[in-house]
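Okay, here's what each chain looks like letter by letter:
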Amino acid sequence: MKLIHDTGWAAQPATVEPHLVGDIDCDVVVIGGGGGGMSAALRLADKGVDVVLLEAKTLGWGATSRNAGYITNSIAADPELLGFLLKRERLRELYRYAENAVHFTEDAIKQYGIDCGYQPEGIVMAAVSKGQLRHARRNAKVMAEAGSSAEFVEGPEAGLPEGFLGGVREGVGGTLNPGEFVLGLRATTIASGVRVYERTPALDVTDTGDRVTVATPNGTVKARKALLTTNADSSGLAIAPKRLATPVWTSLVETEPVAPERLDDIGWTSRAPMVTLHMIIESYRVTPRGTIVFGTRRVQTGRNPLPERTPDQHVADDLVRGFHDRFPGLRDVELTQAWGGWIGMSSTWLPVAGEASDNVLYSLACNGHGFAQAQYVGHLLADRIDGAPLHNDLAAIWHGRKRFWPGFVSGPALYATWLADRAADRLSALTK
Ligand SMILES: Cc1cc2nc3c(=O)[nH]c(=O)nc-3n(C[C@H](O)[C@H](O)[C@H](O)COP(=O)(O)OP(=O)(O)OC[C@H]3O[C@@H](n4cnc5c(N)ncnc54)[C@H](O)[C@@H]3O)c2cc1C
């Protein structure tokens, strides 16, 4: 198995856009060209706003091209826990926002004609123990009460692999190839009239009240307003709210192609993409190229500035152990590559957007479930920065100027959670 630096989903773009040299002016500068930043810049260009998009590497280089490819209406934290912590109306708003994000991204795929193997087959939050199955039943109830499209499924008719007992089937979303999606969205952004500068990291952002100045290694951008869509790197910029994001490294592994008959033999007749109900999820999905991509389970924190890195061998080995435990019938399948990416965890564990200063807005619609949400929030923030009233879905995650409390995400806490998940696995194996 090769441990790789780039995404394993697609090749890097064949050409790179110019980097910024000199001083330029614009109406709005968007900093960070992931799905969130590209979507914001596209919306602004569409409205005739003079927009500049700065990206430290190439557009989509971050989590947007590296993720597992689930277009999901999940909101990071466990639904039952959210139901316990939040008022019912608040939860309804969050699920409405997340479901609209899914539809937003589906519309973008159609509108821009992006060929990325999107399969709108829904996703199953799958149970691997009786305890998880009971949890799934409770989650389905909370989600249904919050107006989310979700149903409890159980037994062989769920079409899940042996060992997966059932779960919650999300009625919206599905899976795609994020690498191909990014190449399509990047091409659309470049063609749209957005002034794109790649390999141009923003080093400093200053808001002097009448304008925002962004310093880069070889030039500056002066703008009326700015958007920060920098995800895991957010805390690298002093203007971002303190404790906005804790960077967390997440890894994925891909197998060689697996014959469809073998998937039928192990009972995975639905081919439903799955995430488990562990505290730190495991994900398993079949790709359009016939391989299986699986990941998460063991995550690690980092500090800004974030290094470019590959997954650690011991983390990849742990993921493979998990795969072999869950799919004993596929133990002989070769593993080809492993890659990973940085996600930004907010201290509330919920997606957030707000104001860093009078003229600088930010978003962090992430927490490992932000592929569709980051794009939707980018679009809504673009409207907001252009003077529109706060959209209901943006209001659902709006943090304004409030501070962030210290979060629970730390290296030791994540390791302890991994240990607790493994202990639960052992217990359920003993009581089978
Ligand atoms: C391994 C993995 C699996 C995941 N699986 C899923 C999944 O299946 N489904 C799901 O919904 N979500 C998933 N996620 C999360 C999802 O990918 C992210 O929530 C989403 O892509 C975030 O988009 P973004 O645009 O906010 O951030 P990013 O895509 O990370 O983009 C931020 C960009 O900002 C640039 N940048 C940073 N700092 C600067 C700076 N100072 N100047 C200029 N540019 C800068 C970076 O280079 C980067 O390109 C996963 C993430 C990972 C890493």
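Residues numbered from 1 in each chain as written. Predicted model: local features only at pLDDT ≥ 70, side-chain atom pairs only at ≥ 80, totals over all residues. Heavy atoms only, no water.

As annotated in an unreviewed UniProt entry, the chain is FAD-binding oxidoreductase from Antrihabitans stalactiti.

1. Details of the side chain of Thr 250
Structurally, Thr 250 can be placed in strand E13 (residues 246-255). Apart from residues no more than four positions distant in its own chain, Thr 250 is found in contact with Thr 296, Val 299, Trp 339, Gly 340, Gly 341 and Ile 343. (Helix = DSSP H or I, 4+ residues; strand = E, 2+ residues; numbered from the N terminus. Contact = heavy atoms within 4.5 Å.)

2. Considering the pattern of salt bridges
In total, this model carries 26 salt bridges according to the counting rule given. The salt bridge partner of Asp 264 is Arg 271, with a shortest N-O separation of 2.8 Å. Between Glu 282 and Arg 422 there is a salt bridge, with its nearest N and O atoms 3.2 Å apart. Of the two residues, Glu 282 sits in strand E15 (residues 282-286) while Arg 422 sits in helix H11 (residues 411-430), which places them 140 residues apart along the sequence. Here Glu 282 falls in the buried class, since its relative accessible area comes to 1%. Arg 422 gets classed as buried once you look at its relative accessible area, which sits at 12%. Salt bridges sharing partners connect three or more residues here, namely Glu 282, Arg 297, Asp 318, Arg 321, Arg 326, Arg 422 and Asp 425. (Salt bridge = Lys/Arg side-chain N within 4 Å of Asp/Glu carboxyl O. Buried < 20%, exposed > 50% of the residue type's maximum accessible area, 1.4 Å probe, protein only.)

3. Looking at the pairing of strand E18 (residues 335-345)
With ten of its eleven residues buried, E18 lies for the most part within the structure. When E13 meets E18, the two strands line up antiparallel, connected through ten bridges. Within the sheet, the bridge partner assigned to Leu 252 lies in E18 and is Trp 339. (Pairing = 2+ DSSP bridges.)

4. Describing the environment of Phe 164
Mapped onto the secondary structure, Phe 164 falls in the loop between strand E6 (150-154) and strand E7 (166-170). Considering only alpha carbons, one finds Phe 164 and Gly 267, 103 residues apart in sequence, at a separation of 9.5 Å.

5. Observations concerning the site of the ligand
Every one of the 35 residues lining the ligand counts as a neighbour, but Glu 55, Thr 64, Tyr 70, Ala 202 and Asn 231 are closest to it. Measuring from a nitrogen atom of the ligand, one finds a backbone N or O atom of Ala 202 at 2.9 Å. One nitrogen or oxygen atom from the main chain of His 369 is found 3.1 Å from an oxygen atom belonging to the ligand. When the ligand is considered free in solution it has 1,000 Å² of accessible area, and contact with the protein chains removes 94% of it. Looking at the shell around the ligand, the elements with two or more residues in it are helix H1 (35-46), helix H2 (63-66), E13, E18 and helix H9 (370-385). In terms of residue class, the shell around the ligand is made up of 13 nonpolar, 19 polar and three charged. (Near = heavy atom within 4 Å. Polar contact = N/O pair within 3.5 Å; in protein donor to acceptor, adjacent residues only side chain to side chain. Areas by Shrake-Rupley, 256 points an atom, 1.4 Å probe, with all protein chains shown as cover. Nonpolar A, V, L, I, M, F, W, Y, C, P; charged D, E, K, R; others polar.)

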